[in-house]
Every structure is written in C-alpha cells, then in structure tokens.
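# A look at the structure
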Amino acid sequence: MFSSHTARQFSAYHHEELSPEESRRVAEHLIGCTRCRAEFEEIKLGVKLAKHLPLIAAPDSIWPKIETALRQHPAGASMPVRYLKPSLAFAAGFMLLFVAGAFWLRLHRSEARPSWEVARLNGAPRINSNRINDTGKLAVGQWLETDDTSRARIDIGNVGQVEIDPNTRVRLVATQPTEHRLELARGRMSARISAPPKLFFVNTPSAVAEDLGCAYTLEVDDAGNSLLRVTLGWVALQLKDRESLVPADAACATRPGVGPGTPYFEDASELFRAALAKLDFEPNDTQWSKIPALDIVLHQARLRDTMTLWYLLSRVDENDRGRVYTRMAELVPPPNGVTRDGALRLDQEMLKRWRDRIDSDSHSLPEAMRDFLGSIRSGIRRHLNQASAK
Amino acid sequence: MLEQMAAIREQPTVNEPIDRQTIAACQQGDREALRLLFEAYRDRVYSIAIYSLGGDQTAAADVTQQVFVKLMTRISQFRGNSEFTTWLHRLVVNCCLDERRKQRRFVPLAELGLIKASRGPISQATNYARRELAGHVQAAIAELRPKLRWPILLKYVEGLSYEEIAAVLGCSKGTVASRLNRGHKALAKKLGHLSGQFVIGE
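Quick caveat: nothing in here was measured; it's all calculated off a predicted structure. (Residues numbered from 1 in each chain as written. Chains lettered and ligands numbered in written order. Predicted model: local features only at pLDDT ≥ 70, side-chain atom pairs only at ≥ 80, totals over all residues.)

## As for the overall build of chain B
Here is the rule we go by: Per the convention used, a helix needs a DSSP run of H or I reaching at least four residues, while a strand needs a run of E reaching at least two, with both numbered from the N terminus. Labels follow a simple rule on C-beta atoms placed from the backbone: if 20 or more others lie within 10 Å of a residue's own, it is buried; if 12 or fewer, it is exposed; otherwise it is partly exposed. Contact between two residues is assigned when their C-beta atoms, built from the backbone, lie within 7 Å.
A count of helices and strands for chain B gives 10 helices and zero strands. Going from N to C terminus, chain B has its helices and strands arranged as α-α-α-α-α-α-α-α-α-α. Each of the 202 residues in chain B was classed as buried or not, and the buried ones make up 39%. Considering only intrachain contacts with a sequence separation of at least 6, the fraction spanning at least 24 residues in chain B is 72%.

## Observations concerning the environment of B:Arg100
Of note, B:Arg100 is situated in helix α5 (residues 84-103). Sequence-distant contacts of B:Arg100, that is, excluding residues within four places in its chain, are made with B:Ser52 and B:Leu53.

## A short note on the packing of helix α3 (residues 31-52) of chain B against helix α4 (residues 57-74) of chain B
All names here are of chain B. What counts, and what does not: In this analysis an axis means a line fitted to C-alpha atoms, helices contributing only their contacting stretch, and an angle means the value between N-to-C directions, from 0 to 180 degrees. Small angles under 35 degrees read as roughly parallel and large ones over 145 as roughly antiparallel, with 65 to 115 read as roughly perpendicular and the rest as oblique. Crossing handedness is read from the near helix: turned anticlockwise from the far helix by less than a right angle, it gives a left-handed crossing, and turned clockwise, a right-handed one. Throughout, the ten residues Ala, Val, Leu, Ile, Met, Phe, Trp, Tyr, Cys and Pro are labelled nonpolar, Asp, Glu, Lys and Arg are labelled charged, and all others, Gly among them, are labelled polar.
Two numbers describe how α3 lies on α4: the axes approach to 9 Å, and their chain directions differ by 140°. With respect to α4, the axis of α3 lies oblique. α4 is crossed by α3, and the crossing has right-handed handedness. Contact with α3, carried on its side by Leu34, Phe38, Arg42, Val45, Tyr46, Ala49 and Ile50, involves Gln57, Ala60, Val63, Thr64, Val67, Phe68 and Met72 of α4 and no other residues of that element. For the contact of α3 with α4, the class distribution of residues is 11 nonpolar, two polar and one charged.

## Topic: the pairing of strand β7 (residues 160-164) of chain A
Residue and element names in this part refer to chain A. This is how the line gets drawn: In this analysis, strands are considered paired if DSSP registers two or more bridges between them.
Of the two faces of β7, the one lined by Gly160, Val162 and Ile164 is fully buried and the one lined by Gln161 and Glu163 carries no buried residue. Where strand β6 (residues 151-156) lies against β7, five bridges are found, and the strand directions are antiparallel. Each bridged residue has a counterpart across the sheet, and for Arg153 the counterpart in β7 is Glu163. A loop of three residues connects β6 with β7, the two strands running antiparallel in sequence, and Gly157 in this loop sits at a positive phi of about 45°. Both β7 and strand β9 (residues 179-193) contribute to a ladder of five bridges, which runs antiparallel. What sits directly across from Val162, in β9, is Ala191.

## Focus on the interface of chain B and chain A
Taken together, the 45 residues of chain B in the interface contact 33 residues of chain A. Elements with a contribution of two residues or more to the side of chain B that touches chain A: α1 (2-8), α3, α4, α6 (124-143), α7 (146-156), α9 (173-191) and α10 (195-201) of chain B. The greatest single-element share of the side of chain B that touches chain A, amounting to nine residues, is contributed by α9(B). The residue inventory of the side of chain B that touches chain A, partitioned by class, reads 26 nonpolar, 13 polar and six charged.

## Some remarks on the environment of A:Tyr13
All names here are of chain A. With respect to the helices and strands, Tyr13 occurs in helix α1 (residues 10-14). Residue classification places Tyr13 among the buried positions, given that 23 C-beta atoms sit within 10 Å. For the pair Tyr13 and Ser23, spaced 10 residues apart in sequence, the C-alpha to C-alpha distance is 6.1 Å. With near-sequence residues (within four places) excluded, Tyr13 lies in contact with Leu18, Ser23 and Val26.

## Focus on the confidence of the model for chain B
All names here are of chain B. Rule in force here: The predictor attaches a confidence to each residue, and that confidence, scored 0 to 100, is pLDDT.
Mean pLDDT over chain B: 76, with 73% of residues reaching 70 or higher. Element-level mean pLDDT values for chain B span from 36 in α1 up to 93 in α9. Note that pLDDT drops below 50 for residues 1-17; the model gives that stretch 31 contacts with residues more than four away or on any other chain. Two numbers describe this predicted complex: its pTM, 0.47, and its ipTM, 0.76.

## Examining the pairing of strand β13 (residues 242-247) of chain A
Residue and element names in this part refer to chain A. By the bridge criterion, six bridges tie strand β12 (residues 226-239) to β13 in an arrangement that is antiparallel. What sits directly across from Val235, in β13, is Val246. Connecting β12 to the antiparallel partner β13 that follows it, the hairpin turn spans two residues, and Lys240 within it adopts a positive phi of roughly 50°.

## Digging into unusual backbone geometry
At A:Asn128, a residue that is not glycine, the phi angle is positive and equals roughly 50°. Tracing the backbone through its elements, the reader meets A:Asn128 in the loop between β2 (126-127) and β3 (130-131).

## Side note on the nonpolar core
To be explicit about the condition: Connectivity within a nonpolar core runs through C-beta atoms within 7 Å, and the core itself is a set of buried Ala, Val, Leu, Ile, Met, Phe, Trp, Tyr and Cys residues.
Counting 70 residues, the largest nonpolar core has B:Ala49 and B:Val92 as its most contacted members. A per-element tally of this core places α3(B) first, with 11 residues. Other than its neighbours up to four places away in sequence, B:Ala49 contacts B:Ala60, B:Val63, B:Thr64 and B:Cys96. Formed by 63 residues, the second largest nonpolar core is a distinct cluster that contains A:Ala191, A:Leu309, A:Trp310 and A:Trp354.

Here is the structure:
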C-alpha cells in the first residue's frame with residue numbers, strides 16, 4: 001500500500017538499491033512514522049554489525065593441494081561419465097516428469113494471472129513503461145501511466161469502469177472475488193462502480209477510498225494530498241480509525257499523516273469550505289482570519305451542511321462541542337431520545353440516530369425548500385428560546 | 001575502529017571486471033592464470049566457507065580447494081553469458097552446501113586466530129575489542145537460518161549487489177531484499193545489547 005509502513009524496504013533503502021521513486025516514498029514515510037523510524041534504526045544497527053564480518057586469510061597450504069588435485073584431474077578434462085543404475089534411471093525419469101509438470105503448471109498459472117482490460121482513449125498510455133496500442137492488460141503489480149496528452153479506461157469485469165486522466169499513475173494491487181484494489185499514486189481517476197458495496201478500493205498516499213455503490217472522482221497531487229468528489233451514492237475514506245462517509249454532491253480532502261478531513265457539500269459557501277479546511281488541516285493557523293474558523297463554519301452552515309457539523313461534533317475540542325450541538329439542533333432538531341448530554345458525550349447510538357435524521361432531511365426535499373425549512377425551524381427555535389427565557 | 005576494520009577488508013573487490021585474458025588463459029589450462037585467480041579470491045572464498053560451515057577451518061580449507069579445482073576443470077563451460085563472479089559464487093555456494101550436507105552436524109565456531117593482519121597499527125586493546133565484536137557477529141550469523149545467512153555473507157563478505165546476490169542464489173531481487181531485512185533485524189535483536197560497546201568500539 002502506498003501509505004502503509006515501508007519496513008520491508010529498509011535494507012534496500014539503506015543500501016541504495018531502490019529506485020529514486022521508491023526511495024522518496026520510504027524517506028517521506030520515515031519522516032512521519034515514529035514506529036518505522038524505530039524499525040529503521042534496528043536495521044541500521046544490523047547493517048553496522050554485519051559490516052564487522054572480517055575477511056579471514058586462507059591458509060597457504062591450500063594452493064599445493066590444488067596443484068596436486070589438478071595433476072590427477074588435468075584442467076579441461078571432463079568428468080568421467082557414470083552410467084545410471086536402473087533404480088536411479090527410474091528416479092531420474094520420475095524427477096524429469098515432475099519438473100515438466102511443475103513447469104506446465106507454472107506456465108498455466110502465469111497465463112491465468114489476474115488482469116484488467118485497459119483501453120486507450122487518447123495519446124499513448126503505458127503499462128509498466130510499455131506503450132499500449134488500442135487495448136492492453138493490466139496485471140496485478142503493474143503500473144498504468146498516462147502523460148499529459150493520454151487517457152485510458154480500465155474495465156473491471158462486472159465491477160465497473162475507471163477512467164484515467166492525463167498525468168496519472170495507478171497500480172493494480174489486487175483483484176479477487178472479494179476485493180478489487182487500485183493504488184492511485186498521483187493524478188486523477190473517475191470510477192463508476194456497479195458492484196455491491198465494499199468490493200472496490202483505491203489506495204492513496206493519505207487514505208483509502210472504499211466504494212459503497214457509487215460514482216466518483218479522486219485526485220492526488222505530488223505532495224500526496226487527495227480530493228474525493230462523489231457524484232452518485234456514497235464513498236468511505238479511511239485512514240486507521242479516522243473515517244469520513246462522503247455522500248453524493250459532497251467532497252472530502254485528505255492529507256498524508258492526517259487522513260480524511262470533514263466531508264462537505266460542494267455547493268457550500270466558499271468561506272465555509274475555506275474555514276473547514278483550516279479546521280481540518282491547519283487548526284493552529286491564527287493568521288488566516290481574526291474570526292475563529294469554527295465560528296465561520298457554524299455561521300455559514302445551511303440545513304444541508306448539518307452533515308458536516310455532525311462530523312465536527314466529534315472532531316472539535318470538547319470545549320467547542322456545545323456550540324456545534326446548538327447550531328446543529330437549530331438546523332435539524334435531534335430526534336426523540338437524542339439528548340444534549342448524550343450527544344456531547346458522543347453516545348454512538350444517539351449520534352447514529354441523529355445522522356439518519358440529518359440524511360433524511362437533507363435528501364428528501366429540493367435544496368431551496370430544505371434551506372427554507374431550515375430557516376423556519378431556526379426562527380421558531382429562537383422564538384421559543386426567547387419566550388422560555390422571558 | 002571502523003578505519004581499522006576497513007583496512008582489513010581492503011582487497012580487490014570482486015565487482016572489479018575480471019581480466020578476460022586471465023579467464024581465457026584458464027580455459028586453456030594455464031596454471032599461472034589460475035594462480036592469479038586464486039590469489040584474487042582465496043580469502044573471500046575461504047571466509048565464505050568458514051562462515052557458512054560454522055567456523056570449521058579444515059572443512060573451509062577443503063571447500064576452498066574444491067572450488068578452485070572445480071573452477072579449473074569446469075571453466076571451459078563458462079561461456080561468458082553471465083558475470084564471471086556470479087558463476088564463481090554459484091560454485092562457492094554449491095560447494096559449501098555439499099560440504100554442509102556431508103557434515104550433517106554443527107561444528108562450533110573455531111578460534112578467530114586467522115583474521116588477516118591490518119595494514120595500520122592497532123593497539124592491543126582495540127585489536128581485542130575488534131576481535132571480540134567480530135566473534136559475536138560471526139556467532140550470530142552462524143545461528144541464522146541458511147536462507148538468511150547466505151545473502152548476508154554475499155553482501156558483506158563478497159560485496160555483491162542485490163541483483164548479483166539474486167543471480168547467485170537463483171531468486172528474485174525482492175527476495176534478497178526481504179531476506180537481508182530479516183537478517184539485519186535478527187542480528188540487531190541478537191546483538192542489540194552490544195550497541196553501547198559498538199559505539200565505544202568505533
């Protein structure tokens with residue numbers, strides 16, 4: 001996996017036996033991974049120790065023995081031919097058959113090596129550096145690469161299709177009945193998946209995209225940052241225990257070492273999206289705005305953006321959780337049985353019920369109507385609060 | 001200490017291109033040419049043999065002798081399609097494996113009295129520390145499983161690249177990388193307690 005631990009490559013990295021790209025990956029991973037740094041130190045100690053194997057001088061008595069042996073078997077003389085006993089001949093014949101069988105099996109297996117069909121759409125896409133004509137096959141472990149003028153389409157049997165945009169590099173990691181997995185090292189791909197959920201995965205340097213029955217585009221820049229935009233269905237982005245479920249019309253950014261950020265609907269205000277990015281990836285940047293990013297997000301949030309606030313409830317500092325709850329409750333009141341205390345202590349059952357309500361409200365009405373309804377709800381709630389305060 | 005160790009290891013490396021004329025002369029049965037090859041490789045072949053045979057000096061000397069006799073009797077088969085060093089190292093590995101099969105027993109590490117003298121002056125204390133550390137490393141390597149031991153020996157005694165080691169052992173470069181990784185980790189685990197002494201020793 002692109003972003004996984006790279007410990008298996010440490011000796012080759014230390015001995016400069018990796019390609020420049022592989023070395024860069026390992027170096028980048030080492031910067032951000034404490035566990036791997038410790039493991040690399042262990043490898044370096046092993047290398048240092050192995051370098052202390054001294055050469056041992058061969059005794060001078062060996063050469064005279066060699067000369068004596070050569071006098072008995074002159075140089076260039078072929079070894080005497082020994083005829084095989086019948087039992088040995090049988091054993092040899094059996095071995096020959098065995099080797100031939102093993103060779104046939106190996107040949108047969110390599111022919112059946114899992115692969116995906118690739119069709120050239122533009123330019124000259126390459127598989128493992130070899131240009132493909134109109135079609136080609138991408139086998140497990142192979143890279144498909146496009147330059148700035150080429151595009152390609154991958155057909156994944158009855159799973160779906162993936163289009164590869166220019167300047168993109170993808171690798172087929174696995175294709176099995178229970179899992180089809182690509183690695184997107186850089187560039188952009190669009191996937192349209194018709195298989196059941198949780199069958200198609202894409203590894204990126206900062207998260208894994210898991211298809212939940214959908215269509216989406218995924219792009220990765222040179223720094224390993226990625227952006228997922230979902231056009232149909234749902235996609236889950238994961239890195240370790242951090243997960244974001246991204247619905248249609250929404251997007252989600254990821255960063256190496258951080259993982260997926262908070263999903264947001266793409267029609268949210270520019271200010272909302274910018275403040276959310278600050279909250280997710282640069283929470284300590286006080287120079288960006290005099291108004292705290294969370295205040296901007298809460299102020300700019302529409303009914304539909306409650307989906308984003310739902311994630312923030314568990315991701316913001318505990319002291320800010322109450323303000324997020326209040327704004328969420330204004331936009332989509334919590335269903336029966338979901339209490340403020342329960343939501344603030346992140347009761348999973350309550351959060352799930354609220355999320356269902358949010359999804360239902362966000363998707364059952366046209367956008368304009370949803371916002372209108374949200375504003376009415378907010379007004380009524382404010383009015384009731386004021387009345388109860390009096 | 002590292003400089004002193006480096007001095008011990010200062011020998012023509014096996015990666016240097018072998019003089020084709022010398023090989024051609026060996027193919028013609030020229031004993032002087034064989035002597036040249038012997039002088040160039042004797043310590044490396046012997047070292048590999050002694051490390052892979054658990055320190056048995058007698059067996060290592062026998063293997064070294066066999067390697068050069070076989071080299072001379074079979075060199076007519078060398079077509080130059082592969083590197084001469086790869087061909088030679090396959091011969092060394094096969095002879096060691098044959099010997100090991102014959103022994104079918106573990107031979108304790110021999111005394112390390114044969115370490116080649118360094119070219120610079122070494123104090124007695126440093127010399128002792130170096131020998132002690134080298135002894136620990138050899139013992140740890142002797143305990144490794146053969147499939148982890150061979151890549152270590154070919155890398156550090158012969159100075160081969162991963163590709164060359166793969167060619168000698170008949171496996172992929174990735175397998176060599178993986179086995180070296182496991183070998184290094186095993187050494188670090190076995191001898192991690194010496195890391196302090198190691199730094200002081202340097």
